[in-house]
Protein chains: 2
Amino acid sequence: MTDTPGGLEQLSCPLPLPHVERIVLGHGSGGRLMHDLIARRFLPAFDNEALRAGDDAAVVEPAPGVRLALSTDAHVVTPLFFPGGDIGRLAVCGTVNDVAMKGATPLFLTAGFVLEEGLPTETLDRVVASMAAAAAEAGVAVVAGDTKVVERGKADGLYITTAGLGLLRDGPAIGGAMARDGDEVLVSGPLGDHGIAVLSARGQLGFTADIESDVAPLNRLVARVLQASDQVRVLRDPTRGGLATTLNEIARQSGVAVLVDEAAVPVRPAVAAACEMLGFDPLYVANEGKMVVVVGAEGAAAVLEAMRGCRYGEGARRIGSVQGGPAGRVLMRTAFGSTRVIDVLAGELLPRIC
Amino acid sequence: MTDTPGGLEQLSCPLPLPHVERIVLGHGSGGRLMHDLIARRFLPAFDNEALRAGDDAAVVEPAPGVRLALSTDAHVVTPLFFPGGDIGRLAVCGTVNDVAMKGATPLFLTAGFVLEEGLPTETLDRVVASMAAAAAEAGVAVVAGDTKVVERGKADGLYITTAGLGLLRDGPAIGGAMARDGDEVLVSGPLGDHGIAVLSARGQLGFTADIESDVAPLNRLVARVLQASDQVRVLRDPTRGGLATTLNEIARQSGVAVLVDEAAVPVRPAVAAACEMLGFDPLYVANEGKMVVVVGAEGAAAVLEAMRGCRYGEGARRIGSVQGGPAGRVLMRTAFGSTRVIDVLAGELLPRIC
């Protein structure tokens, strides 16, 4: 399942989750409840190799030798417009990025709209224009769509589900299960901007923060990274659940430990301040225009330089490394020199963030 | 845009539509308001050849010589369960059929879920099991998914948007623009079952009708039809907007007239009775397991025989023919020998039918 899982059939929850009789907001969080939903309900029903791989996009082969990446993302963000973006840009970038994170070149998108009766057509026009601009920026075409309308009160303005198709490159496989002892872990820039920008737009900060969402198509950044080195093992965008959840997915899929240097994790001062006030850890806050790169040590410097030369990678940093074990663990070396375990997001941090 | 349009850039509305400031239920009807929404708002923004073709699925070529059909459909049917089907079976079959209607072999699906907080997990399990069964019946794999949760009152149980990918066959192109003077028009069975079954499940009939939805995957039926003749020009499933709207799309895309023999149009007595009571014309009622075939006259008998040998084509009938003009018109020869114009659906017949 895109955007979330990681080697889901072997995802071991440290604490068994209680039997859940009803869907709660946490099931959409990208964290443990969602992993549980996927592992218990979706995977057994739809069982197939592509789904089980648990990456951001499925690899499919519709004809011999033609390997494609296929992905989907539903978007329900509120409000529809926020500093730096809107649901339209998000719907295009989210799926473009999921396809790109398999190392594929995104080419085509589909878009399914659920519109609420009474939605101003001017709002729809703005969203559609934003989607078109984002698609043009990413170099993808929206080739098919569908529109449904539900009665007032049965949606929240509009929801958009996109699917994306991309062409896989030749070269070493890229995926969450490819991280190896000794690899380096990089991020493309400061974390938490998207989540805090959306909260700010909701008026939930209690103050005005000058923070814009980072929502952006990362496919050109990915192309440069893959040109820079053939040692790239994992690409993943830390969306819902944030960096912490993404690194846990990689650690579990690859059966390795990820060691993160707290002092190296880039967070803007305004985001750090907002998180401190709200009691959030920026490691769990959603990003929509950042990526994690796991790369063999020999390739790390070249990849870092390549990222820094790109519009959406200027703030790239090395934040840690991969170790052989303890398998499935993410450990953080704090500023005080101690080490603590970083787990996946447990509950619901920010509902309807994307 | 899938499921709906037809040569949309040249779609001429006999009556100019008023300026609309807000989305109304009719924008999801499959009829004129939806065509207008697509032609005015989506097509200009996303303009590309695949979209402009206006068929049920887009034809894309991600690598030289590899021609694929890509489609999407959002599903918001209420109630979630109805005689003969449910939203899960609908979400799989709707997209499988859109891909199949380009003459392609559906292979892979994605599924994006929007879940309402409070949805019983048992309901989700039933829907997912139904999707899995329909996918198995169609021979497709659900390879990627995404789940979002919205607060109580911000959805209606659950919505499912699927996208589908299929491999195009070699052979003559199939699409709404391929109908020619002299072709025959066939349907695969009786019309209106889905719409009336859903109405019945809503208790809106005022009586209990023994009518089941026809929701079914038609890809195997399509394969048999294409084996039977190389004269197949158009395949289309008459979903929202019904047979009348589908034939209008074909007439406009191909620049031909379609002449329908009223007495030949198959409608079950129970559906006809329900329609008469409700003041509906079964020609406008949605189907989810039927298809229209336009085929060269020499191939019609073989296609009809092939359809009748299939589970979902037993009730196949010849219902009319294609004429050179008047271009873009659908004409019906009534039982009394007169001829009347059949237009696209004008307003909203049955909201949230699929």
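Definitions and limits used
Residues numbered from 1 in each chain as written. Chains lettered and ligands numbered in written order. Predicted model: local features only at pLDDT ≥ 70, side-chain atom pairs only at ≥ 80, totals over all residues. Heavy atoms only, no water. Helix = DSSP H or I, 4+ residues; strand = E, 2+ residues; numbered from the N terminus. Rg over C-alpha atoms; globule rule 2.2 N^0.38 Å. Contact = heavy atoms within 4.5 Å. Lys, Arg positive; Asp, Glu negative; His and termini not counted. Charge placed at Lys NZ, Arg CZ, Asp CG, Glu CD. Salt bridge = Lys/Arg side-chain N within 4 Å of Asp/Glu carboxyl O. Buried < 20%, exposed > 50% of the residue type's maximum accessible area, 1.4 Å probe, protein only. Pairing = 2+ DSSP bridges. Axes fitted to C-alpha atoms, helices over the stretch in contact; angles between N-to-C directions. Phe/Tyr/Trp six-rings, centres within 6.5 Å; stacked < 30°, edge-to-face > 60°. Buried area = accessible area lost by both parts, 1.4 Å probe. Polar contact = N/O pair within 3.5 Å; in protein donor to acceptor, adjacent residues only side chain to side chain. Parallel < 35°, antiparallel > 145°, perpendicular 65-115°, else oblique. Left-handed = near helix turned anticlockwise from the far one by under 90°. Nonpolar A, V, L, I, M, F, W, Y, C, P; charged D, E, K, R; others polar. Least-squares fit on C-alpha atoms with pLDDT ≥ 70 in both. Expected span 1.5 Å × (residues − 1). Bend = angle between axes of the 7 residues up to and from the residue.

(A) Quick peek at the overall build of chain A. A count of helices and strands for chain A gives 9 helices and 14 strands. At 19 Å, chain A has a C-alpha radius of gyration in line with the 20 Å of a compact globule built from 354 residues. Principal-axis analysis of the C-alpha atoms places the extent of chain A at approximately 55 × 55 × 45 Å. Across chain A, contacts joining residues at least 24 apart in sequence account for 84% of those joining residues at least 6 apart. Across chain A, the centroid of the 31 positively charged side chains sits 2 Å from that of the 41 negatively charged ones.

(B) Representation of the pattern of salt bridges in the model. According to the stated counting rule, one finds 42 salt bridges over all chains in the structure shown. As a salt-bridge pair, Glu151 of chain A and Arg352 of chain B come within 2.8 Å of each other at their nearest N and O atoms. Separated into two different chains, Glu151 of chain A in the loop between strand E6 (141-150) and strand E7 (158-168) and Arg352 of chain B in the segment after strand E14 (339-341) make up a pair that spans both. Judged by its relative accessible area of 5%, Arg352 of chain B falls in the buried class. Note that Arg318 of chain B and Glu184 of chain B form a salt bridge whose closest N and O atoms lie 2.2 Å from each other.

(C) Up close: the sheet that holds strand E1 (residues 58-63) of chain B. All names here are of chain B. In spatial order, the strands read E1-E2-E7-E5-E6; together these 5 strands make up an open sheet with mixed pairing. In this open sheet, the two strands that pair with only one neighbour each are E1 and strand E6 (141-150). Taking each pair of neighbouring strands and ignoring which way they run, the sheet shows an average axis angle of 25°. Pairing of strand E2 (residues 66-75) with strand E7 (residues 158-168) involves 8 bridges; the strand directions are antiparallel. When the sheet's bridge partners are listed, Leu70 is paired in E7 with Leu165.

(D) Region of the structure containing the packing of aromatic side chains. The tally for this structure, following the rule as stated, stands at 3 aromatic pairs over all chains. Look at Phe42 of chain A and Phe113 of chain B: their rings are 4.8 Å apart centre to centre, the planes differ by 40°, and that puts the pair in the tilted class. Residue Phe42 of chain A is found in helix H1 (residues 32-46), and its partner Phe113 of chain B is found in strand E5 (residues 104-116); the two belong to separate chains. By relative accessible area, which is 0% here, Phe42 of chain A ends up buried. Judged by relative accessible area, which is 0%, Phe113 of chain B ranks as buried. Note on Phe42 of chain B and Phe46 of chain B: the rings are 6.5 Å apart at their centroids and 10° apart in plane angle, and the pair reads as stacked.

(E) Spotlight on the sheet that holds strand E2 (residues 66-75) of chain A. Residues and elements named next belong to chain A. Taken together, the 5 strands give an open sheet; going across it, the order is E1-E2-E7-E5-E6, and neighbouring strands pair in mixed fashion. The open sheet has two edge strands, strand E1 (58-63) and E6, and neither has a second partner. Each adjacent strand pair in this sheet contributes to an overall mean axis angle of 25°, direction not counted. Pairing of strand E5 (residues 104-116) with E7 involves 11 bridges; the strand directions are antiparallel. By the bridge assignment for E7, Thr105 is matched with Leu167.

(F) Expanded view of the interface of chain A and chain B. In this complex, chain A contributes 75 residues to the contact, which on the side of chain B involves 75 residues. Of all residues in chain A, Ile23, Phe46 and Lys148 of chain A give up the largest surface area on contact with chain B, accounting jointly for 10% of the area buried on that side. Remark: the boundary between chain A and chain B carries 8 salt bridges. Joining chain A to chain B, the criterion identifies 26 residue pairs in polar contact (both at pLDDT 80 or more). Looking at the side of chain A that touches chain B, the elements with two or more residues in it are H1, helix H2 (49-52), E1, E2, E5, helix H4 (121-138), E6 and E7 of chain A. If one sorts the elements of the side of chain A that touches chain B by residue count, E6 of chain A sits on top with 10 residues.

(G) Representation of the packing of H4 of chain A against helix H1 (residues 32-46) of chain B within the structure. Between H4 of chain A and H1 of chain B, whose axes approach to 8 Å, the crossing angle comes to 25°. What the angle tells us is that H4 of chain A and H1 of chain B run roughly parallel. Helix-helix and strand crossings are classified by hand; for H4 of chain A and H1 of chain B the assignment is right-handed. Contact residues: H4 of chain A offers Thr121, Leu124, Asp125, Val128, Met131 and Ala132 of chain A, while H1 of chain B offers Leu37, Arg41, Phe42, Ala45 and Phe46 of chain B. Class assignment for the residues of the contact of H4 of chain A with H1 of chain B results in 8 nonpolar, 1 polar and 2 charged.

(H) Molecular detail of the relation of the copies chain A and chain B. Between chain A and chain B, which share one sequence, the superposing operator has a rotation angle of 180° and an axial displacement of 0.0 Å; the RMSD is 0.0 Å. The superposition of one copy onto the other is thereby described by a two-fold rotation axis. The overlap is high: 100% of the interface residues of chain A also sit at the interface in chain B, so the same surface is used on both sides.

(I) A look at H1 of chain A. Residues and elements named next belong to chain A. The first and last C-alpha atoms of H1 sit 20 Å apart over 15 residues, in line with the 21 Å expected at 1.5 Å per residue. The largest bend along H1 measures about 35° and falls at Ala39. Taking burial as the measure, the 15 residues of H1 include 11 buried ones, the bulk of the element. Looking at H1, one finds that the buried residues are Arg32, Leu33, Met34, His35, Asp36, Leu37, Ile38, Arg41, Phe42, Leu43 and Phe46.

(J) View of the environment of Asp237 of chain B. Within the fold, Asp237 of chain B resides in the loop between strand E9 (232-236) and helix H7 (242-254). The contacts of Asp237 of chain B, once residues within four sequence positions are left out, are Asp56, Asn97, Asp98, Met101, Thr246, Lys290 and Met291 of chain B.

(K) Spatial organisation of the environment of Leu168 of chain B. Residues and elements named next belong to chain B. Position of Leu168 relative to the elements: it lies in strand E7. Looking at Leu168, the relative accessible area reads 12%, which means it is buried. Placed 60 residues apart in sequence, Leu168 and Phe108 show a C-alpha to C-alpha distance of 13 Å.

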